[in-house]
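The primary structure of each chain is shown beneath.
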Amino acid sequence: MLSQLMVLFGFFALVLVSIYWINQAVRLFDRLVGDGQSAFVFLEFTALTLPNVIRLVLPIASFAAAVYVTNRLSSESELVVMQATGFSPWRLARPVAYYGLFVGLMMSALTHALVPISLGQMKLRESEIAQNITAKLLTEGTFLHPADGITFYIREITPEGALEDVFLSDRRSADRAQTYTATRAYLVNDEGRVKLVMIDGLSQSFTRQGNRLFTTHFADFAYDISALIGTPDTHVRLIRHSPTWELMRDPAGIAAETGETLARAIEELHSRINQAILCAVTAMIGFATLLIGAFSRFGVWRQIVAALVLLVLVKLIEGLATDAVRANADLWPMVYLPSLFGTAIAAGLLAWAARPRRRKRNLPDLPEVPA
């Protein structure tokens with residue numbers, strides 16, 4: 001039974017991760033490749049998002065595998081045979097508990113280490129790319145809009161770094177529109193400020209007052225584009241980027257560094273611990289709910305629906321508890337309320353299934369043996 005649970009868990013986890021990953025990969029592709037990034041950067045970002053995607057799907061995959069395996073054992077009467085040989089519901093739940101423990105350990109590794117590290121690295125790479133002028137402006141044959149009212153175009157970039165046939169339009173001012181064209185240009189870093197040095201070009205200035213156009217031919221002209229690129233704050237750290245051991249050692253310091261409240265830091269810490277417990281709880285709910293159903297040729301679809309409703313209730317309690325703890329740090333034990341509720345429900349369902357009256361209903365009628 002444990003081997004079947006693990007195999008089906010791997011299948012459901014792979015399917016769900018693929019669905020989530022494709023959804024995020026499409027958005028990453030549009031954002032990164034559309035901004036001139038290479039395919040290698042796209043693959044790097046998709047790899048960094050995988051730990052968080054896996055974290056999201058593990059509880060669902062754990063629940064789905066438990067429900068599927070229990071439903072198959074019930075439809076093939078294997079559960080009936082095991083109960084007839086003396087296996088109690090508590091004994092049948094033992095492999096499910098081992099399975100939930102294994103999934104919980106996987107979730108712990110993700111929430112405490114892999115997810116914070118990957119999210120922090122992705123934030124760092126996003127800041128580096130935001131400061132990369134080449135990625136933002138040096139794209140051949142495409143009209144770019146690095147800022148509102150700015151249009152930039154390059155026909156070709158030579159191997160030496162020269163920009164051929166440059167077009168720059170600045171319409172940020174409501175009263176004046178500036179247009180620059182040049183046969184060649186270079187990007188120059190002048191004491192931290194980036195300037196576009198244009199060679200052999202034309203400057204056109206149009207003023208709305210009087211509808212007048214001024215044109216100027218120039219041999220060389222420098223245009224400061226630092227304001228167009230912007231300088232994002234690379235030191236911003238989010239609380240979810242902090243490893244668990246740092247949150248345990250100094251939650252107040254992490255909250256002050258990230259600009260969050262102490263209650264938010266405490267909630268993040270205990271939520272990471274609770275997510276591992278929830279993986280085991282969802283598996284037990286799925287198994288215990290299907291175990292109480294009597295044999296029916298129509299299957300156990302009623303029990304499956306009931307298991308889904310219980311799972312929704314657990315997630316609803318989780319949301320309410322999270323909001324309460326974020327408002328008051330002293331209420332941090334409420335973070336574990338969804339796990340306690342789910343454990344109580346699973347234990348109650350197993351106790352119900354263990355009653356002799358219920359077990360007799362689940363057993364098939366045996367033919368009478370003549371004396």
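Since this is a predicted model, take the numbers as computed values, not measurements. (Residues numbered from 1 in each chain as written. Predicted model: local features only at pLDDT ≥ 70, side-chain atom pairs only at ≥ 80, totals over all residues. Heavy atoms only, no water.)

Running from amino to carboxyl end, helix 2 (residues 39-75) crosses helix 9 (residues 262-291) at an angle of 20 degrees, the nearest separation of the two axes being 8 Å. Considered as vectors, helix 2 and helix 9 are oriented roughly parallel to each other. Taken as a pair, helix 2 and helix 9 cross one another with a handedness that is right-handed. Here helix 2 contributes R55, L58, P59, S62, F63, A66, V67, T70 and N71 to the contact with helix 9, which in turn contributes Q275, C279, T282, A283, G286, F287 and L290. Considering only residue class, the contact of helix 2 with helix 9 consists of nine nonpolar, six polar and one charged. (Axes fitted to C-alpha atoms, helices over the stretch in contact; angles between N-to-C directions. Helix = DSSP H or I, 4+ residues; strand = E, 2+ residues; numbered from the N terminus. Parallel < 35°, antiparallel > 145°, perpendicular 65-115°, else oblique. Left-handed = near helix turned anticlockwise from the far one by under 90°. Contact = heavy atoms within 4.5 Å. Nonpolar A, V, L, I, M, F, W, Y, C, P; charged D, E, K, R; others polar.)

The next subject is the environment of A256. Relative to the elements of secondary structure, A256 occurs in helix 8 (residues 251-258). Between the alpha carbons of A256 and I239 there is a distance of 9.8 Å; along the sequence they are 17 residues apart.

On to the pattern of salt bridges, then. In the structure shown here, the tally under the stated rule is nine salt bridges. Note that E267 is salt-bridged to R264, the shortest N-O span being 2.9 Å. Taken as a pair, E267 and R264 lie in helix 9 at a separation of three residues, close to a single helical turn. Residues E267 and R264 agree in their burial class; the two are buried. As a salt-bridge pair, R272 and E268 come within 3.0 Å of each other at their nearest N and O atoms. On the criterion of helical spacing, the pair formed by R272 and E268 is a turn pair, its members being four residues apart in helix 9. For the pair formed by R272 and E268, the shared burial category is buried. (Salt bridge = Lys/Arg side-chain N within 4 Å of Asp/Glu carboxyl O. Buried < 20%, exposed > 50% of the residue type's maximum accessible area, 1.4 Å probe, protein only.)

The next thing to look at is the packing of aromatic side chains. Taken as a whole and assessed by the stated rule, the structure comprises eight aromatic pairs. Geometrically, the ring pair formed by F11 and F12 is edge-to-face, given 5.4 Å between the ring centres and 70 degrees between the ring planes. Judged by its relative accessible area of 49%, F11 is partly exposed. Judged by centre distance (5.5 Å) and plane angle (45 degrees), the ring pair of F218 and F221 falls under tilted. One aromatic cluster is present, formed by Y180, F218, F221 and Y223 through successive ring pairs. (Phe/Tyr/Trp six-rings, centres within 6.5 Å; stacked < 30°, edge-to-face > 60°.)

Another point: the nonpolar core. Formed by 49 residues in total, the largest nonpolar core has its most connected members in F9, Y99, F287, L291 and L350. Within the residue set of this core, elements represented by two or more residues are helix 1 (2-32), helix 2, helix 4 (89-130), helix 9, helix 10 (301-327) and helix 11 (337-354). Sorting elements by how many residues they give to this core places helix 2 first, with 12 residues. Excluding residues within four positions of it along the chain, F9 makes contact with L58, A61, S62, A65, Y99, V103 and M106. Counting 15 residues, the second largest nonpolar core, distinct from the first, contains F152, V166, F218 and I225. (Core = buried A, V, L, I, M, F, W, Y, C linked by side-chain atoms within 4.5 Å.)

Honestly, that's just the spatial picture; any functional story needs more than this.
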